[in-house]
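Survey of secondary and tertiary structure
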Amino acid sequence: MARGEARSGGSAAPRGVDVARLAGVSQKTVSRVFNGEQYVSTEARQRVLHAAEELGYRLNNAARALASGRTRSIGVVALGTALYGPASLLIGIERAARDAGYALRVVNTLEGDPGGVAGAVESLLEQGVDGIVVSEPIDEGDGGAASLGVDVPVLVLGAPAALAGPRAVATGVGSESLARAATEHLLDLGHVTVHHITGPQRWFAARDRLAGWRAALTAHGRHQPPVLEGDWSAASGYSAGRELAAGGEVTAVFAANDDMAIGLMRALTEAGLRVPEDVSVVGFDDIPVAAYVTPPLTTVRQPFDAVAQEGLRLLVQAIEKPDVELPPANDPPVDLIVRSSTAPPPPTKAQGRGRRAASRSLGGAHAPPVTDAPSPRP
């Protein structure tokens, strides 16, 4: 049967009754299938979906909203930026919402607008959304948003809860654990410590990555060098790289995103330092170009799709089953992508610095000093 052949008169859009007739089921069964309800056999569900596809049937969301009291839409508060991380997370949210049968309504805020979140939430509530996702990566000190009365479930991604609602769900994007894995990779290679180029500290993601770097060094009893703050751009990574190269002591650097890592590698190369023979570099995000720079960049891949799917799963459950207690969110996976920008430290620096570090951490105040010079012969 050609697509749309069963339409009445060949012109009207197919209805649920047409799908039921072609599938050989009741209209109630069709309704149950498209509302995601239980008590429908797999065989009947497949017949309904096949019939709907054959007829070109589209669910009338407006009619379903009138019947259920829900609009089948989710609002998203997002920062209006083309940066890889926030943009990729928004794409993941849209895909997960569509797979769950919900439309997405996005309101972008601007960096530096202290009332942006509150205004965006008010706009979404006026549109009658069933739930709200706050994917707001910057701390604007927005006390107005925290005081809003939100009567729909709220999902907060990668930041402290910004809204108080009847059902608030929070899930992280795993920045702290990913940053810790990046730092520990360098320590495991034998580097005595790891320098860090952080992102702007108004960003929650930059704070989380800084915390992960510190946690790794603390757990291994290593010195924490002063951090250099960038602005996510390759230019800021280049500037930080020139400063690190001038210091002369660096053997490993963890940059809070790949763009800054790429700028860093350019500065190190211009200063006559080889990556990774002299200095190892790890980035964060795994942007598409990371595998094609020279040398290919070791980095940690952000699990945007996994975070979006897990968060939307919890939000949809909070919307559709308000009386059921929500399970805790699953932790996102850690995916370290090891390429050619990391290696053990130069032998002379690793040996000398390792001995001095051992005297500080193991010998205590009464231990004799350790030097690199050979002991005199008796």
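Residues numbered from 1 in each chain as written. Predicted model: local features only at pLDDT ≥ 70, side-chain atom pairs only at ≥ 80, totals over all residues. Heavy atoms only, no water.

**Quick word on the environment of Asp-278**
What counts here: Numbered from the N terminus, helices here are DSSP runs of H or I no shorter than four residues, and strands are runs of E no shorter than two. Within 3.5 Å is the distance limit for a polar contact, defined as a pair of N or O atoms, with the added protein rule that one can donate a hydrogen and the other accept it, and that residues adjacent in sequence qualify only through two side-chain atoms.
With respect to the helices and strands, the residue Asp-278 is situated in the loop between α11 (258-270) and β9 (280-282). Distance in space between the C-alpha atoms of Asp-278 and Thr-251 is 6.2 Å, their sequence separation being 27 residues. One polar contact links the side chain of Asp-278 to the main-chain amide nitrogen of Arg-274, over a distance of 2.8 Å.

**Re helix α2 (residues 27-34)**
Selection criterion: Throughout, exposure labels follow a simple rule: accessible area from a 1.4 Å probe, protein chains only, divided by the maximum for the residue type, with under 20% read as buried, over 50% as exposed, and the rest as partly exposed. Summarising the geometry, the arc corresponds to the directions from the helix axis toward the C-beta atoms. Whether two residues are in contact is decided by their heavy atoms, any of which lying within 4.5 Å being enough.
Taken residue by residue, α2 has Thr-29, Val-30 and Val-33 as its buried positions. Along the axis of α2, the buried positions cluster into a sector of 100 degrees, meaning they face one direction only. Each element contacted by the buried residues of α2 is listed here: α1 (16-23) and α3 (42-55).

**Focus on the sheet that holds strand β6 (residues 195-198)**
Note the following rule: Here a strand pair is declared whenever DSSP counts at least two bridges between the two strands. A fitted line through C-alpha atoms represents every axis, and for helices the fit uses only the stretch in contact; the resulting angles, taken between N-to-C directions, go from 0 to 180 degrees.
Pairing is parallel across the open sheet formed by four strands, whose spatial order is β7-β6-β8-β9. In this open sheet, the two strands that pair with only one neighbour each are β7 (228-229) and β9. Along the sheet face, helix α9 (residues 204-219) touches β6 and β8 (252-255) and points at about 170 degrees away from the line of β6. Contacting β6, β8 and β9, α11 runs over the sheet at an angle of about 165 degrees to β9.

**Focus: the packing of aromatic side chains**
As a reminder of what qualifies: Pairs were defined over the aromatic rings of Phe, Tyr and Trp, the Trp ring being its six-membered one, requiring ring centres within 6.5 Å. Orientation was assigned from the angle between planes: stacked under 30 degrees, edge-to-face over 60, tilted for the rest. We call a charge positioned over a ring when the NZ of a Lys or the CZ of an Arg lies within 6 Å of the ring centre and within 35 degrees of the ring normal.
In this structure the tally under the stated criterion is three aromatic pairs. Consider the rings of Tyr-84 and Phe-304, whose centres lie 6.0 Å apart with planes at 75 degrees: the pair is edge-to-face. Taken as a pair, Tyr-84 in helix α5 (residues 84-99) and Phe-304 in helix α12 (residues 304-320) lie far apart in primary sequence, 220 residues in all. For Tyr-84, a relative accessible area of 31% corresponds to the partly exposed category. Seen in terms of ring centroids, Trp-203 and Trp-232 are 5.6 Å apart; in terms of plane orientation they differ by 75 degrees. Their pairing is edge-to-face. In this pair, Trp-203 sits in the loop between β6 and α9 while Trp-232 sits in the loop between β7 and α10 (234-247), placing the two residues 29 residues apart along the sequence. There is no split in this pair, since Trp-203 and Trp-232 are both buried. Over the face of the ring belonging to Tyr-102 we find Arg-72, whose NZ or CZ atom lies 4.2 Å from the ring centre.

**Section: the pairing of strand β2 (residues 103-109)**
So the rule is basically this: For the handedness criterion, the strands are oriented away from the viewer, and a crossover whose path from the first strand over the helix to the second runs clockwise is classed as right-handed.
Bridge count between strand β1 (residues 73-79) and β2: seven bridges; the pairing is parallel. From the neighbouring strand, Val-77 faces β2, where its bridge partner is Val-107. Following the chain from β1 across α5 to the adjacent parallel β2, one finds a crossover that is right-handed.

**A few points about the pattern of salt bridges**
In plain terms, the rule: Basic side-chain nitrogens of Lys or Arg form a salt bridge, by our definition, when they fall within 4 Å of a carboxyl oxygen of Asp or Glu.
This structure, assessed with the given rule, holds 13 salt bridges. Here Asp-305 makes a salt bridge to Arg-95, at a shortest N to O gap of 2.9 Å. Residue Asp-305 is located in helix α12, and its partner Arg-95 is located in helix α5; the two are separated by 210 residues in the primary sequence. By relative accessible area, Arg-95 is classed as partly exposed at 34%. With a closest N to O distance of 3.2 Å, Glu-184 and Arg-180 form a salt bridge. Of this pair, Glu-184 and Arg-180 both sit in helix α8 (residues 175-188), four residues apart, which is roughly one turn of that helix. Taken together, the shared-partner salt bridges in this structure form one network comprising Asp-286, Arg-301, Asp-335 and Arg-339.

On their own, these measurements won't tell you what the molecule is for.
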